[in-house]
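# Structural overview for review
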Amino acid sequence: MFNLTTIKIKEGMTQQEIDEFTTQALKEMDLQEKVQLMSGRDFLKILIKDRGIGKSVFPAGGVERLGIPPLLFTDGPRGVVIPGSTCFPVSMARGASWDANLEKEVGEVIGKEVRAHGGNLYGGVCINLLRHPAWGRAQETYGEDPYHLGELGSALMRGVQKHNVMATIKHFAANSIEYSRFKVNVKMNERTLREVYLPHFKRCVEDGCATVMSAYNKVNGTYCGHNSHLLRNILKQDWQFEGFVHSDWMDGLYDTIAGIEGGLDVEMPRAKCYGKKLIKAVEGGKVPMDLIDDSVRRIINTILQFTTRADPQQYSKEVVGSKDHIKLARKVAEKSMVLLKNSNDLLPLDPNEVSKLAVIGELADLKNTGDHGSSNVHQEDIITPLSGITNLIGDKIEIVYNMGTDIEEVKKVAQNVDAVVVIVGYTYRDEGEYIRQFIRKVGDRESLELKEHDKDLILALSEQNEKIIVVLVGGSAIIMEQWIDKVKGILMAWYSGMEGGSAIANILFGKVNPSGKLPFTIPKKESDLPFFKAHIDEIEYGYYHGYTLMDKNGITPRFPFGFGLSYTQFKYDNLTLKSLEEKIIASIDVTNTGKKEGEEIVQLYVGFENSNIERPKKLLKGFHKVLLTPNQTQRVSIEISKKDLAWYNPETKRWEIEDINYSIYMGNSSKEEDLVSTQIKL
Ligand code: BGC
């Protein structure tokens with residue numbers, strides 16, 4: 001017979017030893033100890049000590065008598081929020097890199113910094129699908145496509161977890177309206193839920209994600225923290241998730257019994273519905289002990305897996321914000337920016353031709369790394385666009401900086417320079433996480449366009465100077481119709497992290513060849529998008545959004561999903577397919593036909609035109625990045641698993657693969673003209 005005096009927690013425990021410990025612990029713990037594992041604690045104490053949120057880790061659970069360590073939570077996703085950490089570009093920017101290997105490196109840096117700060121649980125893998133660009137927290141996720149979201153989210157999660165930090169994927173599920181997040185009932189049919197809003201979560205679960213954070217909103221009438229269809233039927237049963245679910249922070253749980261019955265294991269950040277109320281509910285016979293034991297087993301099992309595994313390295317404080325980490329932040333910023341327009345090859349700027357450059361705009365010299373909500377990485381050492389440009393080229397050319405507040409004044413500046421870089425867009429005051437009206441007001445974006453002053457500024461400048469380059473800062477799509485034809489260059493620079501200014505400079509002056517591609521569609525007008533309302537009690541999410549909606553309605557967007565220019569060009573030919581037992585291998589020759597070395601993101605879409613049921617015209621099912629020198633050709637192969645072609649049949653409640661001809665498209669954006677295609681029968 002085992003007991004906890006013979007089974008000790010030690011480094012390098014096997015799964016069998018962890019299971020034995022957990023089984024024994026369940027026998028030896030009293031109800032109070034079990035329930036103690038199921039909620040956060042010391043929240044207010046830490047808030048008072050830190051005089052604010054996010055400055056140190058938040059503990060939850062833990063039972064000292066048995067040596068069970070607490071959960072020690074910190075947040076992200078643009079780094080670790082605790083002061084001094086490396087500040088990366090926001091997730092949406094990283095989504096535009098389409099680079100899962102790079103994202104895993106980001107995850108590793110985050111994992112190391114979490115450990116150096118003393119944490120073991122990272123809440124920063126946000127993979128909510130971007131249904132509409134007005135969503136205030138769009139910047140925290142990777143884009144509009146489930147496959148792409150799964151690739152990037154899983155990479156971040158795996159990187160973080162490599163350093164024995166449990167990663168949380170959030171917010172489960174359908175959390176994509178900020179102002180209404182605490183109340184909105186998001187309705188959708190089962191097929192839409194399974195095919196559009198959940199596949200990326202499933203992917204992360206299959207890849208070993210330790211924990212899941214439930215969302216604040218309701219899905220089909222039930223709060224996500226109480227939602228047994230989401231948490232029990234789908235996550236724990238269908239997907240066989242063995243980790244634990246914790247709540248979101250403010251009002252993630254409303255009811256003790258609904259929470260535990262729904263499948264919520266840990267209430268964060270303090271015991272409001274769990275704690276004493278949960279003990280009472282069990283003692284009163286309202287909650288069976290089995291449910292408590294199931295949660296406790298998940299929590300102990302997960303925490304022991306992560307805290308007893310040997311560490312790949314040591315994590316001293318010096319790791320935080322180290323030189324190597326900052327270097328990675330710059331690389332990520334360089335790989336995430338998307339060149340949207342470059343008429344007459346104005347870019348890259350040649351210092352021999354541009355001897356006087358104007359850098360204009362309120363955002364030009366602003367430390368602007370994104371939202372100030374729970375994702376705010378407290379980092380002061382930030383290279384602004386102006387300082388990046390000055391550092392790179394300030395000794396070779398003359399740089400004239402103007403905030404652009406006075407349009408008449410700035411017009412004169414534009415007359416006397418060789419080119420104008422105007423930096424416009426948003427800050428945390430325009431889009432971000434909505435906490436509570438009396439704390440901070442901003443949430444969803446009011447308009448998808450630039451501010452009136454910024455538009456006036458661009459139009460005024462364009463009358464004075466032919467060479468206007470607009471650098472856009474923001475977390476998702478910006479509608480540009482009023483001014484797009486008046487400017488020569490557009491670079492989507494995002495909230496680009498602590499090294500963003502250097503990355504902008506390196507791209508503008510050609511030290512780096514841009515390779516980012518849009519992880520969402522930019523429409524010509526808002527009415528091309530699905531219905532969205534920031535203040536709303538109930539909304540229906542349909543099967544289509546983003547490029548699937550544009551395809552269905554035959555609408556041409558301003559910039560399609562997957563689009564991004566380079567300083568070189570690429571050609572695609574010779575697409576061939578091979579069908580094997582479980583997968584299809586698609587191969588294509590990609591040639592750099594331009595004059596510069598450059599990276600290309602090769603995309604693969606599967607077309608369902610021959611389907612017997614209603615399906616999207618095409619869906620992204622693979623992508624791959626290649627680096628090519630001028631004239632170099634590389635054959636790129638992408639594998640598609642046949643089970644990824646399935647659709648969810650709500651009648652049979654199964655994923656089914658149709659026996660039809662599928663189209664396979666390969667190319668460098670979701671636009672038909674940018675794709676080469678052929679067909680295959682499975
Ligand atoms: C946010 C979460 C975050 C949590 C803790 C919540 O309000 O919605 O994304 O992880 O705060 O910081």
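Residues numbered from 1 in each chain as written. Predicted model: local features only at pLDDT ≥ 70, side-chain atom pairs only at ≥ 80, totals over all residues. Heavy atoms only, no water.

A separate point is the domain arrangement of the chain. Domain parsing of the chain yields domain 1 (15-308), domain 2 (319-519 + 527-538) and domain 3 (570-681). Centre-to-centre, using C-alpha coordinates, domain 1 lies 33 Å away from domain 3. Domain 1 puts 13 residues into the contact, and the matching count from domain 3 is 14 residues. Counting each side, the surface lost to burial between domain 1 and domain 3 is near 1,300 Å², with a carbon and sulfur contribution of 64%. By the criterion of area lost to domain 3, the three top residues of domain 1 are W98, Y147 and R191, representing 52% of everything that side buries. Of the charged contacts, one joins D99 and K625 as a salt bridge, the two residues approaching to 3.3 Å between their closest N and O atoms. At the boundary of domain 1 with domain 3, the tally comes to four residue pairs in polar contact (both at pLDDT 80 or more). Every element with two or more residues in the side of domain 1 that touches domain 3 is listed here: α4 (91-97), α6 (146-162) and α7 (190-197). Tallied by class, the residues present in the side of domain 1 that touches domain 3 amount to four nonpolar, two polar and seven charged. (Domains from an automatic or database assignment. Contact = heavy atoms within 4.5 Å. Buried area = accessible area lost by both parts, 1.4 Å probe. Salt bridge = Lys/Arg side-chain N within 4 Å of Asp/Glu carboxyl O. Polar contact = N/O pair within 3.5 Å; in protein donor to acceptor, adjacent residues only side chain to side chain. Helix = DSSP H or I, 4+ residues; strand = E, 2+ residues; numbered from the N terminus. Nonpolar A, V, L, I, M, F, W, Y, C, P; charged D, E, K, R; others polar.)

The subject of this paragraph is the site of the ligand. Around the ligand, a shell composed of 13 residues is seen, among which D75, R137, K170, H171 and D248 lie nearest. Note that an oxygen atom of the ligand is positioned 2.9 Å from one of the side-chain N or O atoms of K170. Across the complex, the protein chains shield 94% of the 310 Å² of accessible surface that the ligand would expose by itself. Considered class by class, the residues forming the shell around the ligand number five nonpolar, two polar and six charged. (Near = heavy atom within 4 Å. Areas by Shrake-Rupley, 256 points an atom, 1.4 Å probe, with all protein chains shown as cover.)

Taking 1.5 Å of rise per residue, 14 residues should cover 20 Å, and helix α13 (residues 323-336) covers 20 Å from first to last C-alpha, within 8% of that figure. Considered for burial, the residues of α13 that qualify are H325, I326, L328, A329, V332, A333, E334, K335 and S336. At its buried positions, α13 is contacted by α4, α5 (100-116), β10 (338-342), α17 (500-508), β19 (598-607) and β20 (618-628). (Expected span 1.5 Å × (residues − 1). Buried < 20%, exposed > 50% of the residue type's maximum accessible area, 1.4 Å probe, protein only.)

Following the sequence through the fold, N233 ends up in helix α9 (residues 228-238). Measuring from C-alpha to C-alpha, the distance between N233 and G262 comes to 9.6 Å, with 29 residues separating the pair along the chain. Non-local contacts of N233, meaning those with residues more than four positions away in its chain, are made with S228 and D238. A distance of 3.1 Å separates polar atoms of two side chains, one belonging to N233 and the other to H229.

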